[in-house]
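Each chain is listed here by its residues.
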Amino acid sequence: MRHVVTGVLAALVLILSIAIIATPDKRVEASSETYRQLNLFGDVFAKIREDYVEEVDDEKLIEAAINGMLSSLDPHSSYLNPKNYDGMKVQTRGKFGGLGIEVTMENGLVKVVAPIDDTPADKAGVLAGDYITHLDGEPVLGLTLAEAVEKMRGLVDTDLNLTIRRADQKEPVEITLTRAIITVQSVKGRIEDGDILYVRISSFTEQSDSGLRKTIEQLKTEVDGDYKGLILDLRNNPGGLLDQAIAISDDFLDKGEIVSTRGRNSDDAQRYNAKPDDIVDGKPIVVLINGGSASASEIVAGALQDHGRAVVLGTKSFGKGSVQTIVPLQGNGAMRMTTARYYTPSGTSIQAKGIVPDIEVEQAKLEVLETASGRSEADLRNHLENSDESDTSDRISEEGIEAADILDYQLLRAKDLLKGVWLFAKKEVK
C-alpha cells in the first residue's frame, strides 16, 4: 500500500512542480522553499489517505485542496466542480432552478447580497444583508459557498427552511421557501406619474442590454415620446456580466471612458469607451442604488455619475470592485479567480468602498434595507484593499423619515428630483 501511495504523491508533486516552472507566458522561478511546501502537501495527503478514520476519496481531497487554495485569496475566488460550473453557465443565461438569491460567504455564514425580483426568496421577504445560518436545521458553518448553494438548489416544488440572522432582530427568523424554476426577467419598466420612464434592472444577464433597449422603446411609445426623464433602478442588483454593464452604460453616453480594469501587470490594463448613441436623447437620469447594488451595478452607476450624465440617489453601494475570470479546467470544471480591479472613469476604485450617492436618501423606516451597522464588501475576510484613498465625503445627506404607510421613499425622492431637473432645463432653454 505504501509504495502505491508514494507513487501517486510523486506524480502529484511532479505535476505541481511542472505547473510552477512552466506557467504559460508567466515563468515563475521555483525556489527550494516552494518544493518544500509541495512535499509538505504530499505528506499531508498521504497521511490522510493512510490513517484517516474513514476511507477518503482522492478526487474529493484534491478538489477540497484546490478550493481551499482559491478561497483563501479573497471571498470571490473559488473552484467550480463540473456540476457547479454548469449551473453558473445556466444562471448567466437568465434561467435556473432554486430560491432566487444572490449570496456570498462571510465568516462561515451565507450572506444574502440581494434577492432576485419575483422569486420565492423575494416574495417570502428575504432581505439584502441577511445571514443564513441553517438550511433545513443543518448549520451552514463548515460548508463552502459552493456546497451551501448546491444544498439550496433542488427539485422544483420542494421546500427548504432557512434560518436567518437579521441585523435589526434579536431572534432568528425562520422562512420556508418552495424551490422554483427561476426565470430572471432582468429588465422591467413602467410609466411613473404619467411622463417619467422607470426601468428596473435586477441583474446583468446575457439579455439585459437588449431587454433595456426594448423596454425603453416600449415606454417611449406609451408616452408618445414626451417624457421628463428616466429613473434607472439598480437597487439590490448583485451584478453579473461585465460586458452587459459596459453596454448598458454605453446606452446613455455619447463618448468617454466607461470603465477600466487593471490587473497585476500594467500591460493587462483594459479601457472600455462609449460610442455615440444615447437612447434617452439626453433627457435627465436618476440612478437608484443601495447596499445591495454590487459589481456590474456599480460600474453603471459610477460611469454615469463620473460623466455627470446621471444623479445617483440612495445609499452607498456594496463595494465589490473586482473582476472575476472563469478559467475552464480539465475534467469539465473551472475556477473563478479574481484577476483585476475595475475603476470608474475618474480613476476611482470602489473596491471595499462602494459608490457614494450624490444625494443620500435612506429608505422609509418601515422598509429600510440596511442600517448603520450593516455589512459590506469591506467587512468580508480577505477582501481586496483599495489603493485609492481619495476623500469623497462632499455629498448631500438626508436622514430617513418615519412613514405611516409602506412606500418607496427613495423612488418618490427620485421622481421629485427628476421633475426639478426637467423644470430647470426647460427654463434654461427659454
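In this report, we go over the structure that sits alongside the text. (Residues numbered from 1 in each chain as written. Predicted model: local features only at pLDDT ≥ 70, side-chain atom pairs only at ≥ 80, totals over all residues. Heavy atoms only, no water.)

## As for the nonpolar core
Membership of the largest hydrophobic core comes to 39 residues, with the highest contact counts inside it found for V199, I201, L212, I216, L232, F252 and V287. Mapped onto this core, the elements with two or more residues apiece are strand 11 (196-201), helix 7 (208-222), strand 12 (229-233), helix 8 (242-250), strand 13 (257-262), strand 15 (285-289), helix 9 (296-306) and strand 18 (334-343). Per element, the largest residue contribution to this core is six residues, and it comes from helix 9. Dropping the residues within four chain positions of it, I216 is found in contact with L197, V199, L230, F252, I279 and V280. M105, V140, L162 and I164 belong to the second-largest nonpolar core, a separate cluster that totals 19 residues. (Core = buried A, V, L, I, M, F, W, Y, C linked by side-chain atoms within 4.5 Å. Buried < 20%, exposed > 50% of the residue type's maximum accessible area, 1.4 Å probe, protein only. Helix = DSSP H or I, 4+ residues; strand = E, 2+ residues; numbered from the N terminus. Contact = heavy atoms within 4.5 Å.)

## Structural notes on the packing of aromatic side chains
As enumerated under the stated definition, the model contains one aromatic pair in all. Both rings, one in F41 and one in F45, keep their centres 6.4 Å apart while their planes meet at 15°; by these two values the pair is stacked. Taken as a pair, F41 and F45 lie in helix 2 (residues 32-51) at a separation of four residues, close to a single helical turn. Looking at F41, the relative accessible area reads 29%, which means it is partly exposed. The ring of Y343 is capped by R262, whose NZ or CZ atom sits 3.8 Å from the centre of that ring. (Phe/Tyr/Trp six-rings, centres within 6.5 Å; stacked < 30°, edge-to-face > 60°. Lys NZ or Arg CZ within 6 Å of the ring centre and 35° of its normal.)

## Some words on the environment of S78
Summarising the element assignment, S78 is placed in strand 1 (residues 78-80). Look at S78 and you get buried, because its relative accessible area is 17%. Along the backbone, S78 and R336 are 258 residues apart, and their C-alpha atoms lie at a distance of 5.2 Å. The residues contacting S78, other than those within four sequence positions of it, are N67, L70, M335 and R336.

## Overview of the pattern of salt bridges
Enumeration over the complete set of coordinates arrives at 24 salt bridges. The partner of E192 in a salt bridge is K415, and the shortest N-O contact between them spans 3.0 Å. Taken together, the residues E192 in strand 10 (residues 187-192) and K415 in helix 10 (residues 409-429) connect sequence positions 223 residues apart. Owing to a relative accessible area of 8%, K415 belongs among the buried residues under this scheme. Of the charged contacts in the structure, one is a salt bridge between R213 and D251, with a shortest N-O distance of 2.9 Å. Here R213 is found in helix 7, whereas its partner D251 is found in the loop between helix 8 and strand 13, with 38 residues between them in sequence. Take R213: its relative accessible area is 31%, and that puts it in the partly exposed class. Shared partners join several salt bridges into a network, and the residues in it are D117, R200, D233, R235 and D408. (Salt bridge = Lys/Arg side-chain N within 4 Å of Asp/Glu carboxyl O.)

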